Amino acid sequence: MLTRRQCFGRGAILAAATTVLLTVPARAQETRLKVIASFSILGDFVRNVGGDRVAVRDLVGPNGNAHVFEPSPADAKAVADASLVFVNGLGFEGWLDRLVKASGTKAAIVVATKGIKPRAGAGDRDHDHDKVDPHAWQSVANAKIYVANVRDALIAADPAGKAAYEANASAYLAKLDALDQEVRATIDRVPPERRRVVTSHNAFGYFGEAYDVVFTAPQGVSTEAETSARDVAAIISQIRKEKVAAVFLENVTDPRLVRQIAAETSAKIGGTLYSDALTDAKGDATSYIDLIRHNVRELADALGA
Ligand SMILES: [Zn+2]
């Protein structure tokens, strides 16, 4: 049972909390730089560098598939109101040009992969020969280039924040250096002949190149094209021939194809890899660093590190 005094105490705290909620964020909102990130992983880079000077909106949110995204009128409005729009580029956001045009925005469009050496999307699937692989963030060394590009663009748009952006970026870059070491140390424990895995779409080419793991996928570097029966048959015979240890599901693609492949071969399902998006708060990858840690842990567990 509450005494009068306790009731009063609670009421006063509630009133104080309400005042804070109503005033502080409202004032901060007005002065923060409005920026857009095309997808959640890039949004995480921008938040880390921008800190409390920026208000970031992600177009493709957690667990979303940017390859097949359809922007809403609210997205167009947000793009119109933004000072900067950060995009991945490399053909990742096929819907972007139309959105930018429809919004009439004056925002600078910043391609965060500028300076990254693109991988050809070829792999061994025919329909990807003319495509570039957009999933550059899957190598931590590349993530550092994204972060430097984000830092430079924020400084150009908001020179008063230069010191803050530089400090935030260098603190975050140090974390990425440590992450890169962690990934190498973990993958080093997997025998090289076991480092062969299948995922549903070809999103891990940069990771594979950086850390010496061979990834194959029935779907190409985008998820737009249908997978043909021939592609699936080719993957199945490849798994048998090369003794692929595990096949993985992804958080942004349909799991049925990978389950079918696992059922027809002796490969086990290794778990879920996070390819093109962070997870929502219920998942264990609400940040890029956690995403990479999760993927590496899943790989190491399935491949027997
Ligand atoms: Zn993808």
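As a convention, each chain's residues are numbered from 1 in the sequence order in which they are written. At least 70 in pLDDT is required for a residue's local features to be given in this predicted model, at least 80 for side-chain atom pairs to be given and counted, and no such filter applies to totals for whole chains, interfaces and linings, which use all residues. Heavy atoms throughout the structure, all of them, feed into the side-chain values; hydrogens and water do not.

S.K.: Describe the sheet that holds strand 1 (residues 33–39), and please don't skip the residues or the numbers.
M.R.: Following DSSP output, two strands are said to pair if at least two bridges run between them. Think of it this way: any DSSP run of H or I at least four residues long counts as a helix, any run of E at least two long counts as a strand, and we number them from the N terminus. Ordered in space as 2-1-3-4, the four strands form an open sheet in which the pairing is parallel. Each having just a single partner strand, strand 2 (54–60) and strand 4 (108–111) make up the two edges of the open sheet. With direction set aside, neighbouring strand axes in the sheet form an average angle of 25°. Examined bridge by bridge, strand 1 and strand 3 (residues 84–87) share three bridges and lie parallel to one another. Looking at strand 3, one finds that I36 is bridged to V85. Sitting on the sheet, helix 5 (residues 140–157) touches strand 1, strand 2, strand 3 and strand 4, and the angle it makes with strand 3 is about 170°. The angle between two axes is taken between their N-to-C directions and runs from 0 to 180 degrees, where each axis is a line fitted to C-alpha atoms and a helix contributes only its stretch in contact. The criterion used for residue contact is that any of the two residues' heavy atoms lie within 4.5 Å.

S.K.: I'd like to hear about the side chain of D180, residue by residue, with values.
M.R.: For D180, the location among the structural elements is in helix 6 (residues 162–188). Accessibility here uses a 1.4 Å probe with only protein chains present; expressed as a share of the type maximum, an area under 20% marks a residue as buried, one over 50% as exposed, and anything in between as partly exposed. The exposure class of D180 is buried, given its relative accessible area of 13%. With residues near it in sequence (within four places) discarded, D180 still touches V140, A141 and Y211.

S.K.: Describe in detail the pattern of salt bridges, supporting the description with residues and values.
M.R.: Each salt bridge in this description consists of a side-chain nitrogen of Lys or Arg and a carboxyl oxygen of Asp or Glu lying within 4 Å of one another. Following the criterion strictly, the structure yields 15 salt bridges and no others. For D180, the salt bridge identified is with R184, shortest N-O distance 3.2 Å. Linking D180 with R184, this pair stays in helix 6, spanning four residues, or about one helical turn. For R184, a relative accessible area of 33% gives the class partly exposed.

S.K.: Help me get a handle on the packing of helix 6 against helix 10 (residues 288–303), residues and values and all.
M.R.: The angle between the axes and the distance between the axes are what describe a pair of packed helices. Interhelical geometry of helix 6 versus helix 10 gives an angle of 5° and a closest axis separation of 10 Å. Taken together, the axes of helix 6 and helix 10 are roughly parallel relative to one another. Of the residues in helix 10, those touching helix 6 at Y172, K175, L176, L179, E182, V183, T186 and I187 are Y288, I289, I292, R293, V296 and A300. Three classes are used, and their members are as follows: Ala, Val, Leu, Ile, Met, Phe, Trp, Tyr, Cys and Pro are nonpolar, Asp, Glu, Lys and Arg are charged, and the others, Gly among them, are polar. Partitioned by chemical class, the residues of the contact of helix 6 with helix 10 number ten nonpolar, one polar and three charged. Each angle is binned into one of four classes, with values under 35 degrees roughly parallel, values over 145 roughly antiparallel, values of 65 to 115 roughly perpendicular, and all other values oblique.

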